[in-house]
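What follows is each chain in one-letter form.
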Amino acid sequence: MKKIWLIFVLAVIIVAQVTFMSSFYSTSTHSYVSGTSAVVVSKMKYAYASTVIHIMRSPFSSPLTLIFSNGTQQEITDSSYTIELFLPRTGDFVGTYASETIISTTPNSPTDSADSLPRITLSSKHPVDVDVVQSIPSNFLSWHGNPNYGYYDRIDVFWFEIQGEANIFITVSGMAI
Amino acid sequence: MEATLSSKMAEFMTALDQVKKYRTLLASMTDFTLIVLATVVVALSVNISMRLSTLFSGANHGPSIAVGLLYLFIFPAGIITAVFWVRRKMKSVKVGQWKNTLTEGAPGAIKLLQSLEWESIFSGIRYAKLGFFLYGIAKILAYWGLTSVFLFISSGVVEVVLHISVDYIVVMLFSLIIVLILSRNDLRKRYDQIGRLDWLLWELRWFESEFRGANFEA
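Not measured: the values here are computed from a predicted model.

Q: How should the overall build of chain B be read in this particular structure?
A: If you tally the helices and strands in chain B, you get 7 helices and 0 strands. Shown N-terminal to C-terminal, the secondary structure of chain B runs as helices and strands in the order α-α-α-α-α-α-α. In terms of its C-alpha atoms, chain B occupies a principal-axis envelope of roughly 85 × 30 × 25 Å. The buried share among the 218 residues of chain B stands at 17%. A fraction of 83% describes how many contacts in chain B between residues 6 or more apart in sequence connect residues 24 or more apart.

Right under this line is the structure:
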């Protein structure tokens, strides 16, 4: 009889573990960029996100310049450069999981019609997202401090610009609780 | 006549020993399930730790390759342990204790027949059938899990090397087909054995009623 109870307890633990595992998400992307491009990592506020960005530069091409959202610039002369980024949980879940709300926005853009700009698509089933956007406009960074979308109370966005030619591999692991 | 009786009795007692083993098999199913479930709990715990470690320490400082390899071997190791545990239990069943009595010839055979508890034998055969059937299913499920894990790893390697992604439903179905093909002899053996146990049950019921009607002096 004790063994039957033990089986029951183990089954309950497995159900709990599987439920917990369903709160993990991951996504990845790979892109070749040239000129001025941007990497945009976004997540729901209630999610954690850990991002690894590998930038592979041809040793024969000119150095790359990374420009971060706070204006900091970094020149990359190595053929391989890795950025690790951790975005913490900054808010609670808003809404219901049953009604799947999909947030699809072009962050900080003055208009909704800018199709070439980063398209963030987040939902409770997809709470972390990453995008590499080619040929961004020169005033891309200036939009950063002036969000014109109401979604910003529900999502966190991190981005930086890349000037130059490179291959970019991005992996995002996230957890939404 | 006496030799025939002894040999028939030996055959019968061997069949009963087999039934005793299958009853132990059914009793070991709880242990089998416990070991497999505990393995799943350990494997999932390691998986969750690895995910948390990747998330909070960064992919480059996450779990080491050794932990990854250890994780891959937890489930197969658990299933192999469970199968060996059941086999060990079955091997520990004491059989052939009737052989000494049977050396006495016909009186020994009759003494054995008189010492049998028929109702317990009938219920033993029913349990044996159930145990034999359940263990067959559990073994196939466990081997299916094992093959699936192996094929998932292989499909991951194929995806990295050849950039061909394989749907996980295809992997699961393919694993099941492989396991069913490899276990076809075992399945046939089980099916035949369950049929034989049925036949034994009916024969014994008839024999028991005849035996009760007769008077023997051992």
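Read on for the rest.
Q: I'm lost on the nonpolar core in this one. Help?
A: One broad trend across soluble globular proteins is that nonpolar side chains are buried collectively. Residues A:V39, A:V40 and A:V41 are the most contacted members of the largest nonpolar core, which totals 31 residues. Listing elements by their share of this core, those giving two or more residues are β1 (24–33), β2 (36–44), β3 (47–56), β8 (120–122), β9 (128–133), β10 (155–163) and β11 (166–176) of chain A. The biggest single contributor to this core is β11(A), with 6 residues. Other than its neighbours up to four places away in sequence, A:V39 contacts A:I53, A:V132, A:W159, A:F160, A:I162, A:I168 and A:I170. One finds B:M9, B:A43, B:I79 and B:V179 within the second-largest nonpolar core, a separate group that totals 26 residues.

Q: Would you take a moment to explain the interface of chain A and chain B for this structure?
A: Facing the 20 residues of chain A at the interface are 17 residues of chain B. Of all the secondary-structure elements, those providing two or more residues to the side of chain A that touches chain B are α1 (2–21), β3, β6 (80–87) and β11 of chain A. Counting residues per element, the side of chain A that touches chain B draws most heavily on α1(A), at 10 residues. Split into classes, the residues belonging to the side of chain A that touches chain B amount to 13 nonpolar, 5 polar and 2 charged.

Q: Sorry, what's going on with the sheet that holds strand β4 (residues 64–68) of chain A here?
A: Two strands in a sheet stick together by hydrogen bonds in their backbones, pointing the same way (parallel) or opposite ways (antiparallel). Residue and element names in this part refer to chain A. With respect to topology, 5 strands assemble into an open sheet ordered β5-β4-β10-β2-β9, the strand pairing being antiparallel. Edge strands, defined here as strands with exactly one partner in the open sheet, are β5 (73–76) and β9. Neighbour-to-neighbour, the strand axes of the sheet open up by a mean angle of 20°, direction not taken into account. Sheet topology places β2 next to β10; 9 bridges connect them, and they run antiparallel. When the bridges of β10 are listed, S37 appears paired with I162.

Q: Just checking my understanding: could you explain the pairing of β10(A) for this structure?
A: Along a regular strand, successive side chains alternate from one face of the sheet to the other. Judged from the 4 bridges that link them, β4(A) and β10(A) form a sheet pairing that is antiparallel. Residue pairing across strands places A:F68 opposite A:F160, the latter belonging to β10(A).

Q: When you look at the sheet that holds β11(A) in this model, what are you seeing that I'm missing?
A: Residues and elements named next belong to chain A. Read from one edge of the open sheet, 4 strands run β1-β11-β3-β6, paired in antiparallel fashion. The open sheet has two edge strands with one neighbour each: β1 and β6. Across the sheet, the mean angle separating the axes of adjacent strands is 10° when strand polarity is ignored. With 10 bridges joining them, β3 and β11 adopt antiparallel strand pairing. Within the sheet, the bridge partner assigned to I53 lies in β11 and is I170.

Q: Can you help me understand the packing of helix α5 (residues 118–162) of chain B against helix α7 (residues 184–213) of chain B in this one?
A: Any two packed helices are characterised by the angle at which their axes cross and by the distance between the axes. Residues and elements named next belong to chain B. In contact at an axis separation of 10 Å, α5 and α7 are set at 170° when each is read in the N-to-C sense. Taken as axis vectors, α5 and α7 run roughly antiparallel relative to one another. When α5 is examined against α7, the residues W118, I121, F122, I125, A128, K129, F132, F133 and G136 are found in contact with a partner set consisting of L187, R190, Q193, I194, L197, L200, L201, L204 and E208. Split by residue class, the contact of α5 with α7 holds 13 nonpolar, 2 polar and 3 charged.

Q: Quick question: what am I supposed to make of the confidence of the model for chain A here?
A: Keep in mind that low pLDDT regions are not for reading the predicted coordinates in detail. Residues and elements named next belong to chain A. Of the residues in chain A, 76% reach a pLDDT of 70 or more, and the chain-wide mean stands at 80. Across chain A, the secondary-structure element scoring lowest on mean pLDDT is strand β7 (residues 103–105), at 60, and the one scoring highest is α1, at 93. A low-confidence stretch, residues 108–115 (pLDDT under 50), is modelled with 11 contacts involving residues beyond four sequence positions or located in other chains.

Q: Help me understand α5(B) in this model?
A: Structurally, the α-helix is built with 3.6 residues per turn, so residues lying three or four positions apart point the same way. Compared with the 66 Å implied by 1.5 Å per residue over 45 residues, the 64 Å span of α5(B) between its first and last C-alpha is a close match. Looking at α5(B), one finds that the buried residues are B:I125, B:A128, B:K129, B:G131, B:F132, B:Y135, B:A142, B:Y143, B:G145, B:T147 and B:S148.

Q: So what exactly am I meant to see when it comes to the packing of helix α2 (residues 65–91) of chain B against α5(B) here?
A: All names here are of chain B. For the pair α2 and α5, the least separation of the axes is 10 Å and the interaxial angle reads 160°. Our classification of the angle between α2 and α5 gives roughly antiparallel. In this structure, α2 crosses over α5, and the sense of that crossing is left-handed. Each of L72, F75, P76, I79, A82, V83 and V86 in α2 lies in contact with α5, whose residues at this interface are Y135, K139, A142, G145, L146, V149 and I153. Here the residues of the contact of α2 with α5 are counted per class, giving 12 nonpolar, 1 polar and 1 charged.

Q: Before we go on, may I ask you to explain the environment of A:H30 in this structure?
A: Residue and element names in this part refer to chain A. Within the secondary structure layout, H30 lies in strand β1. When the C-alpha positions of H30 and I155 are compared, they lie 23 Å apart, and in sequence the two are 125 residues distant. Residues in contact with H30, not counting those within four places in the same chain, are I168 and F169.

Conventions adopted
- Residues numbered from 1 in each chain as written.
- Chains lettered and ligands numbered in written order.
- Predicted model: local features only at pLDDT ≥ 70, side-chain atom pairs only at ≥ 80, totals over all residues.
- Helix = DSSP H or I, 4+ residues; strand = E, 2+ residues; numbered from the N terminus.
- Buried ≥ 20, exposed ≤ 12 C-beta atoms within 10 Å, placed from the backbone.
- Contact = placed C-beta atoms within 7 Å.
- Core = buried A, V, L, I, M, F, W, Y, C linked by C-beta atoms within 7 Å.
- Nonpolar A, V, L, I, M, F, W, Y, C, P; charged D, E, K, R; others polar.
- Pairing = 2+ DSSP bridges.
- Axes fitted to C-alpha atoms, helices over the stretch in contact; angles between N-to-C directions.
- Parallel < 35°, antiparallel > 145°, perpendicular 65-115°, else oblique.
- pLDDT = per-residue confidence, 0-100.
- Expected span 1.5 Å × (residues − 1).
- Left-handed = near helix turned anticlockwise from the far one by under 90°.

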